[in-house]
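Observations on the model geometry
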Amino acid sequence: LKMSWSWLFLPLHLLMAIFSCHSIKAPTTSSQQSLKTDLFNFYHSLILADGKETTIHLLKDIPKRYYFVLEEGRVLAPFSLTVTPCDVPIEWSILVYKPPPAKATPGSHDTPEVSKSQKASSLASTIFNYKGNSVETYMGMSSHSALYLLEFLSTERDTHITVYLTTDTTSGHLYPELPADPRIDVIGVGHTTVTLTWKHSPSALQHRDSIQYCLLVNEKHNYKSLCAAETAVRSSGVKMPPTLALSLSPYLLEPQQVMILSNSELSVINKVSSGEVRQVCMGTKNTYTVPNLSPNTQYYFDVFIVNLLTNASAAYTGTFARTLEEPEPKVTELEDGKVVHVVLDGKKQKFYSLQYQARHKKIHFTFQLCQGQIRVHITQNGKTVASENLSGMRYFSLKGKVLDTYLVQLRSTEESNSSVKVQASPHFHKPLFPLLPESLKIKSFSKLRTCRSVTIAWLGTQEESKYCVYRKRIEEDQTWRELQSADRCSGPESRHKSEKVLCKYFYDLNLQRAVTTETIKGLEAGTLYLFDVYLFGPSGIPVRYHSKVVKTRKKC
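Residues numbered from 1 in each chain as written. Predicted model: local features only at pLDDT ≥ 70, side-chain atom pairs only at ≥ 80, totals over all residues. Heavy atoms only, no water.

Our next topic: the overall build of the protein chain. If you tally the helices and strands in the protein chain, you get 6 helices and 35 strands. For the protein chain, with 556 residues in total, the buried portion stands at 45%. In the protein chain, of all internal contacts separated by at least 6 residues, the share reaching a separation of at least 24 is 75%. Just so you have it, the protein chain exposes about 29700 Å², and 51% of that area is on carbon and sulfur atoms. (Helix = DSSP H or I, 4+ residues; strand = E, 2+ residues; numbered from the N terminus. Buried < 20%, exposed > 50% of the residue type's maximum accessible area, 1.4 Å probe, protein only. Contact = heavy atoms within 4.5 Å. Areas by Shrake-Rupley, 256 points an atom, 1.4 Å probe, with all protein chains shown as cover.)

This is the structure we're talking about:
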């Protein structure tokens with residue numbers, strides 16, 4: 001019988017008919033061997049291996065077939081077949097083909113003549129079929145005179161699955177064993193934490209060194225296998241680092257490390273934030289508290305028991321829980337003209353709320369950023385009227401009705417602590433902060449630098465004000481720290497007396513000419529200096545210009 005690769009794609013009934021036309025004899029050892037030889041020679045690429053997990057790729061709407069004939073020996077032998085969909089639901093079935101009975105011998109009672117097509121259809125039967133995305137296992141008894149055919153089909157999109165066939169059902173399992181009750185119990189829910197527990201796997205109790213639990217947390221849905229979870233991470237467009245090619249393989253992680261999906265990059269870090277897929281492997285502990293969750297958010301939790309030697313895994317029944325809603329933040333009342341100093345914890349990333357009830361139609365809000373980076377959000381009767389990141393000094397002039405309620409929310413935008421001074425007052429109220437120039441930058445003149453002096457300039461205003469200049473000698477490696485850690489709300493009282501250079505009064509009604517310069521002498525050659533200018537208004541509250549670092553010339 002001649003066969004070609006095109007036969008692999010023949011419909012099942014034609015394939016069976018061909019085998020029936022091939023005059024397959026009664027189930028003798030020679031006919032079994034002949035069948036196995038034919039299958040091996042012509043179908044070896046599609047024969048399912050025994051005792052090995054096989055990955056199969058499926059194209060949408062194109063069925064794929066695999067065959068297997070089990071080893072000779074007993075007339076009946078047990079076998080198991082486990083199929084794990086790694087993405088979308090699939091359809092799969094097991095068909096068994098048995099050779100036709102032997103022809104009647106002379107002298108025996110004749111049997112009715114049967115057509116070839118009838119003979120083929122009577123010999124092929126479906127013994128199992130399934131549709132879905134759950135991990136499914138079929139246990140059966142094999143007749144060695146039978147050919148088994150597996151058909152797989154994906155109707156949604158291209159996907160892949162894993163298939164594990166074994167005839168060794170007595171000596172151990174590839175997949176870790178689940179407990180009789182594989183559910184995950186939620187035993188505690190907080191604003192940012194969820195505590196889970198699950199019953200121990202018999203495999204974990206017997207093989208502690210090679211078995212561990214891994215927990216997957218996400219905000220979309222539960223996954224029925226670790227294979228499906230890996231596919232979900234990859235399909236999100238993650239760039240897979242070479243050392244993390246097996247995205248969720250637990251043996252790549254140290255205990256208690258967290259795998260984060262963030263900004264299209266996959267990395268193993270300990271810090272977490274909302275909206276990410278993360279995995280924690282905790283050895284053989286069966287209780288875990290998930291930290292750093294977002295309040296009032298639903299999360300899905302899946303536990304996988306993983307064999308570190310084979311990378312095979314089994315999934316517990318996933319669960320979900322919603323974290324508690326965060327309590328309303330305390331609101332501080334703002335009083336007319338009173339300055340409130342607010343310090344924000346960057347690690348907690350919480351809003352600090354200030355409320356002001358207008359007694360006049362026009363309202364003036366003033367913000368002086370002292371340290372760090374802060375975002376301000378202002379609502380008027382629940383409607384947003386301003387939202388931006390603060391920089392230096394910022395004024396908001398708003399118009400509304402008497403008794404309008406204004407809510408000011410402040411939040412640090414970086415991990416370090418931030419602070420800001422806030423004042424609310426009627427529009428006509430005399431502000432405590434001085435009138436500011438267009439820019440708070442200090443300019444230095446490179447051409448006017450010498451070995452012993454530096455010339456700086458800054459803008460003034462139309463209002464006569466007091467300006468004080470301070471200098472501080474710093475080292476090269478101190479520049480960044482001095483500029484970043486400076487408290488822009490602190491006044492000259494925080495400075496050493498030796499750092500004071502001079503104080504002067506200055507103003508000009510013509511803003512085009514409201515510029516002043518100052519040459520600071522008595523400096524050392526080739527040395528870095530930090531210069532600060534403080535502006536004092538009528539109320540005496542200072543405003544600090546942006547610090548300027550200048551280096552004197554080394555040679556003159």
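From this point, the discussion proceeds with the structure in view.
For phenylalanine 367, the location among the structural elements is in strand S22 (residues 362–371). Accessibility expressed as a relative area gives 0% for phenylalanine 367, which makes it buried. With 27 residues separating them along the chain, phenylalanine 367 and valine 340 place their C-alpha atoms 9.7 Å apart. Setting aside anything within four residues of it in sequence, one finds phenylalanine 367 in contact with Val376, Ile378, Leu390, Gly392, Met393, Arg394, Phe396, Val408, Leu410, Val420, Lys421 and Val422.

Let us look at unusual backbone geometry. Unusually for a residue other than glycine, asparagine 381 sits at a positive phi of about 55°. Here asparagine 381 shows up in the loop between strand S23 (374–380) and strand S24 (383–389). With a phi angle near 75°, leucine 403 is a residue other than glycine that sits in the positive phi range.

This part covers the packing of aromatic side chains. Scanning the entire structure with this criterion turns up 18 aromatic pairs. With 5.6 Å between their ring centres and 85° between their planes, tyrosine 164 and tyrosine 175 make a pair best called edge-to-face. Here tyrosine 175 lies in the loop between strand S8 (159–166) and strand S9 (184–189) and tyrosine 164 lies in strand S8, a separation of 11 residues in the sequence. Using a relative accessible area of 17% as the deciding quantity, one classes tyrosine 175 as buried. Here a set of aromatic residues connected by ring pairs shows up, and it is made of Phe68, Phe79, Trp92, Phe128, Tyr138, Tyr148 and Phe152. Above the ring of phenylalanine 536, the side-chain terminus of lysine 466 is found at 5.6 Å from the ring centroid. (Phe/Tyr/Trp six-rings, centres within 6.5 Å; stacked < 30°, edge-to-face > 60°. Lys NZ or Arg CZ within 6 Å of the ring centre and 35° of its normal.)

Attention now goes to the state of the cysteines. All chains considered together, the criterion is met by 5 disulfides. Through a disulfide, cysteine 214 is tied to cysteine 281; the S-S separation comes to 2.2 Å. Residues cysteine 214 and cysteine 281 are joined by a disulfide whose S-S torsion is about 105°; by sign, that bridge is right-handed. Placement of cysteine 214 in strand S11 (residues 211–218) and of cysteine 281 in strand S14 (residues 278–281) is noted, with a sequence separation of 67 residues between them. (Disulfide = S-S within 2.5 Å.)

Looking at the protein chain, pLDDT values average 79 and 76% of them are 70 or higher. Low pLDDT (under 50) marks residues 117–122, which in the prediction has 7 contacts with non-local residues, meaning those over four places away or in another chain. Low confidence marks residues 238–274, where pLDDT is under 50. Its contacts with residues over four positions away, or in another chain, come to 100 contacts. (pLDDT = per-residue confidence, 0-100.)

Residues Trp92 and Phe152 are the most contacted members of the largest nonpolar core, which totals 30 residues. Of all elements in the fold, only strand S1 (52–58), strand S2 (64–68), strand S3 (76–85), strand S4 (90–97), strand S5 (124–132), strand S7 (147–153) and S8 reach the threshold of two or more residues within this core. When residues of this core are assigned to their parent elements, the largest contribution, 6 residues, is made by S4. Apart from residues no more than four positions distant in its own chain, phenylalanine 152 is found in contact with Ile56, Leu58, Ile62, Pro63, Lys64, Tyr66, Val83, Ile90, Glu91, Trp92, Ile161 and Val163. Of all hydrophobic cores here, the second largest spans 24 residues; its members include Leu354, Leu398, Val420 and Ala424. (Core = buried A, V, L, I, M, F, W, Y, C linked by side-chain atoms within 4.5 Å.)

On to the sheet that holds S5. The strand order across the open sheet formed by 4 strands is S2-S7-S4-S5, and the pairing between neighbours is antiparallel. Two strands bound the open sheet, and with one partner strand each, they are S2 and S5. Mean inter-strand twist for the sheet, computed between neighbouring axes without regard to direction, equals 15°. In this structure, S4 lies alongside S7, joined through 7 bridges in antiparallel fashion. When the sheet's bridge partners are listed, tyrosine 97 is paired in S7 with leucine 147. (Pairing = 2+ DSSP bridges. Axes fitted to C-alpha atoms, helices over the stretch in contact; angles between N-to-C directions.)

Among the structural elements, threonine 323 can be located in the loop between strand S18 (319–322) and strand S19 (331–333). For threonine 323, the side chain forms a polar contact with the main-chain oxygen of serine 294, separated by 2.6 Å. In this structure the side chain of threonine 323 is engaged in a polar contact, spanning 3.0 Å, whose partner is the backbone nitrogen of asparagine 296. Setting aside residues up to four positions removed in sequence, threonine 323 forms contacts with Val189, Gly190, His191, Thr193, Val194, Leu293, Ser294, Pro295, Asn296, Thr297 and Tyr299. (Polar contact = N/O pair within 3.5 Å; in protein donor to acceptor, adjacent residues only side chain to side chain.)

With that settled, consider the pairing of S2. Summarising burial for S2: 4 of the 5 residues are buried, a large majority. Pairing of S2 with S7, which is carried by 5 bridges, proceeds in the antiparallel orientation. Bridge pairing in S7 links tyrosine 67 to leucine 149.

With respect to topology, 3 strands assemble into an open sheet ordered S9-S10-S15, the strand pairing being antiparallel. In this open sheet, the two strands that pair with only one neighbour each are S9 and strand S15 (287–290). Averaged over all pairs of adjacent strands, the angle between strand axes in this sheet comes to 25°, irrespective of strand direction.

Another point: the side chain of threonine 54. Structurally, threonine 54 is set in strand S1. Accessibility expressed as a relative area gives 16% for threonine 54, which makes it buried. Not counting residues up to four positions away in its chain, the partners in contact with threonine 54 are Leu48, Ile161, Thr162 and Val163.

With respect to the helices, strands and loops of the structure, serine 397 is situated in strand S25 (residues 393–399). With 29 residues separating them in the primary sequence, serine 397 and proline 426 have C-alpha atoms 9.4 Å apart. A polar side-chain atom of serine 397 sits 3.1 Å from a polar atom in the side chain of histidine 364.

This brings us to the environment of leucine 435. Within the secondary structure, leucine 435 is located in the loop between strand S27 (418–426) and strand S28 (443–444). Setting aside residues no more than four positions away along its own chain, leucine 435 makes contact with Thr461, Glu463 and Leu535.

Turning our attention to the pattern of salt bridges. Considering all chains together, one arrives at 13 salt bridges under this definition. Its salt-bridge partner being glutamate 476, residue lysine 551 comes within 3.1 Å of it at the nearest N-O pair. One end of the pair, lysine 551, is in strand S35 (residues 548–551); the other, glutamate 476, is in the loop between strand S30 (465–474) and helix H6 (479–485), and 75 residues separate them in sequence. Measuring nitrogen to oxygen at the nearest pair gives 3.8 Å for the salt bridge that ties aspartate 508 to arginine 513. Look at aspartate 508 and you get buried, because its relative accessible area is 18%. On the basis of relative accessible area, arginine 513 is assigned to the exposed category, the value being 54%. One network of salt bridges, in which partners are shared, links Arg495, Glu499, Asp532 and Arg544. (Salt bridge = Lys/Arg side-chain N within 4 Å of Asp/Glu carboxyl O.)

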